[in-house]
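Remarks on the overall topology
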Amino acid sequence: MSPEIRPGAVAAPILLRRARTADVRGIKELVDGFASDNILLRKPLVTLYETVQEFRVAVRGREVVGCGALHVLWENLGEVRTIAVHPSVQGGGVGHVLVEELIAQARALGLASLFVLTFEVDFFVRHGFREIDGSPVSQDVYLEMMQSADEGVAEFLDLAYVKPNTLGNTRMLLDL
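The sections below set out a description of the structure shown in this document. (Residues numbered from 1 in each chain as written. Predicted model: local features only at pLDDT ≥ 70, side-chain atom pairs only at ≥ 80, totals over all residues. Heavy atoms only, no water.)

Right, let's get into helix α1 (residues 24–35). The terminal C-alpha atoms of α1 lie 16 Å apart, and with 12 residues this matches the ideal 16 Å at 1.5 Å per residue to within 8%. Turning to α1, its buried residues number three or more, namely Val-24, Ile-27, Lys-28, Leu-30, Val-31, Asp-32, Phe-34 and Ala-35. Check the buried side of α1 and you find it contacts α2 (45–50), β3 (55–60), β4 (63–74) and β5 (77–85). (Helix = DSSP H or I, 4+ residues; strand = E, 2+ residues; numbered from the N terminus. Expected span 1.5 Å × (residues − 1). Buried < 20%, exposed > 50% of the residue type's maximum accessible area, 1.4 Å probe, protein only. Contact = heavy atoms within 4.5 Å.)

Burial of β5 is extensive: eight of the nine residues sit out of reach of the surface. Sheet topology places β4 next to β5; seven bridges connect them, and they run antiparallel. Within β5, the position partnered with Gly-66 by the bridge is Val-85. Pairing geometry for β5 and strand β6 (residues 113–118), over three bridges, is parallel. Opposite Glu-79, over in β6, you have Phe-115 as the bridge partner. Of the crossover connections in this fold, the one passing from β5 over helix α3 (residues 94–109) to the parallel β6 is right-handed. (Pairing = 2+ DSSP bridges. Right-handed = clockwise from strand over helix to strand, strands pointing away.)

Before going further, it helps to spend a moment on the pairing of β4. Buried residues dominate β4, accounting for nine of its 12 residues. In this sheet, β4 lies alongside β3 in antiparallel orientation, the contact comprising six bridges. What sits directly across from Val-57, in β4, is Cys-67. Connecting the antiparallel pair β3 and β4 is a turn made up of two residues, with Gly-61 showing a positive phi of about 65 degrees. The loop that links β4 with its antiparallel partner β5 comprises two residues.

Inspection of the secondary structure assignment puts Arg-18 in strand β2 (residues 14–18). Taking relative accessible area as the criterion, Arg-18 reaches 47% and is therefore assigned partly exposed. A C-alpha to C-alpha distance of 8.2 Å links Arg-18 and Glu-54, two positions 36 residues apart in sequence. Those residues in contact with Arg-18 that sit more than four places away from it in its chain are Asp-23, Gln-53, Phe-55, Arg-56 and Val-57. Polar side-chain contacts of Arg-18 include one of 3.4 Å to the backbone oxygen of Gln-53. (Polar contact = N/O pair within 3.5 Å; in protein donor to acceptor, adjacent residues only side chain to side chain.)

Encoded structure:
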């Protein structure tokens, strides 16, 4: 049974569930709204379709009003990605429920920690994340992870070529 989120004074309840391919265009529209302010990176539609199984969405009727993804980076490490909540429902707990769902999913997968790159430090601190410097993985794992073409992995590794994407963001980790 999916959790129900009831922010004040909305016409229909907001439900949390796994994303479906039919949600991808709504996810893109939501993400692009934050990308224009450089809060999130714009994602090509094809990337969202390729990763739709990583997403959870908050929906009101057929409208996607929130989204977030869990991406596995390594054997015991995942990343919370692409958390976005439509301005019309911000402050109603949608983001918190999405993050808690992704944390629960990470635990169910057997992950030991979660990474996030964010401007919203206080929000993630409330979920137990802490700021980090450097890489929290061994040198051997670091070298293996460098083979990934995924830009999020490069951000996790704090590689120089993604620095323009990460300016002003804080690198945070949650031990599960």
